[in-house]
Structure formats: structure tokens, C-alpha cells
Amino acid sequence: MTTLRLRPEDPADIGPIHRVLAAAFARPDVATPPEVGLVDELRGSDAWLPELAMVAEYGGEVVGYALLTRVRVRSDEHTAPALALGPVAVAPHRQRIGLGTAVVQAALDAATELGERLVVVLGAPAYYRRFGFARGDRMGLTSPWSGLGEPWQALVLPPASSGDGPPPTGEVLFPAAWSRV
């Protein structure tokens, strides 16, 4: 029986993560998909949260990846922390068996345990709805991608304590690395 292990990435995973991202996002018009560079840039930035960079290891091989990094939500009153989900990737030879769902859920569970409140993503609504994501613009969130409608999504995580207020609303500010994807 093949074992699935979900865990934060470690330094030895960088090469395998590159391979998973390159295979999952492969396009004939680019040698290296921009998602590979995005992860490297985020890894070297203040947005990086190592405990929220999750790998799926299946049969001892890194075959999936889900990354949550720090973003900020700016309102008229203040700026609040939030997270951006992405990139999410599964090696093509291991897709459609639930590994993507498992690694995303592991990342979201880890964020909940850390007391995070809000996650945004730009992606396929049918896929991300299974985790509870809904249209971000209807939750009072804007971004460079909010004009895309349904693919701009957000998820409110369970509060860490009953005294936590509502999740932030306003403009989501992404690290500069996101502008190059």
C-alpha cells in the first residue's frame, strides 16, 4: 500500500518542488513556467511562512504542493494580515486521485491552527468551492484580479477564539513577485 504523507516542505524538497511545478504548469511557449520563479521569489521574501508551504509525498516521492504566503488587506482604517493560496500543483502522473485536495486541505488546516482568518485565491471556482471558497468581490475584497469575477475567491477560516471579529475587507495587497506571474 502506498502511503500519502502531508508535511511542510524542507530544504531537500526544493528540487522536487521545482519539478512538480514545472510539470504541472508546463507550456510550450516557456522553458520554465513562471510559477517556479514565483515560489523561489516568495521563499526569499517577508511573505514566506515556512510552516504553510505544504508538500504531498506519495510513495516517498514529492508529487504535490500547496503554498500559502502572507498578503495584506488594506481598508480605510488599517491593514490586516491574510494569506494567498498558490501555486497549487500535482505532478501530472499523480493527478485526479485526490492529492491536490489533500495538500490544499493540509495547508488550510495548518493556517487555521496558526490562527489565520482569511485566504484568497485566483483559480477554478468548481475546484476551490469544495474547501469553502466563495467570490472574493462579494466578501468586500478587491485585487488586481477581482475584475475576473468568480475565479477571484476568498475563504474565511474558523476564528481562533470567540472574541475574534469579522475577517478583514478592502484591497488585497500582494508581494511584488505576484505581478510577474
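Residues numbered from 1 in each chain as written. Predicted model: local features only at pLDDT ≥ 70, side-chain atom pairs only at ≥ 80, totals over all residues. Heavy atoms only, no water.

Draft legend 1. Looking closely at the pattern of salt bridges. All chains considered together, the criterion is met by 12 salt bridges. Residues Arg129 and Glu150 are paired through a salt bridge, measuring 3.1 Å at the closest nitrogen-oxygen approach. Of the two residues, Arg129 is situated in the loop between helix H4 (125-128) and strand E6 (134-135) and Glu150 in the loop between strand E7 (141-142) and strand E8 (152-156); the sequence distance between them amounts to 21 residues. Judged by relative accessible area, Arg129 falls into the partly exposed class, the value being 48%. Glu150 sits in the partly exposed class, given a relative accessible area of 38%. Salt bridges sharing common partners tie together Arg5, Arg7, Asp10, Asp13 and Glu57. (Salt bridge = Lys/Arg side-chain N within 4 Å of Asp/Glu carboxyl O. Helix = DSSP H or I, 4+ residues; strand = E, 2+ residues; numbered from the N terminus. Buried < 20%, exposed > 50% of the residue type's maximum accessible area, 1.4 Å probe, protein only.)

Draft legend 2. Expanded view of helix H2 (residues 34-43). Looking only at H2, the buried set comprises Glu35, Val36, Leu38, Val39, Leu42 and Arg43. Each buried residue of H2 sits inside an arc of 160 degrees when the element is viewed along its axis, so together they form one side. Elements that come into contact with the buried residues of H2 comprise helix H1 (14-24), strand E3 (61-74) and strand E4 (79-90). (Arc of directions from axis to C-beta. Contact = heavy atoms within 4.5 Å.)

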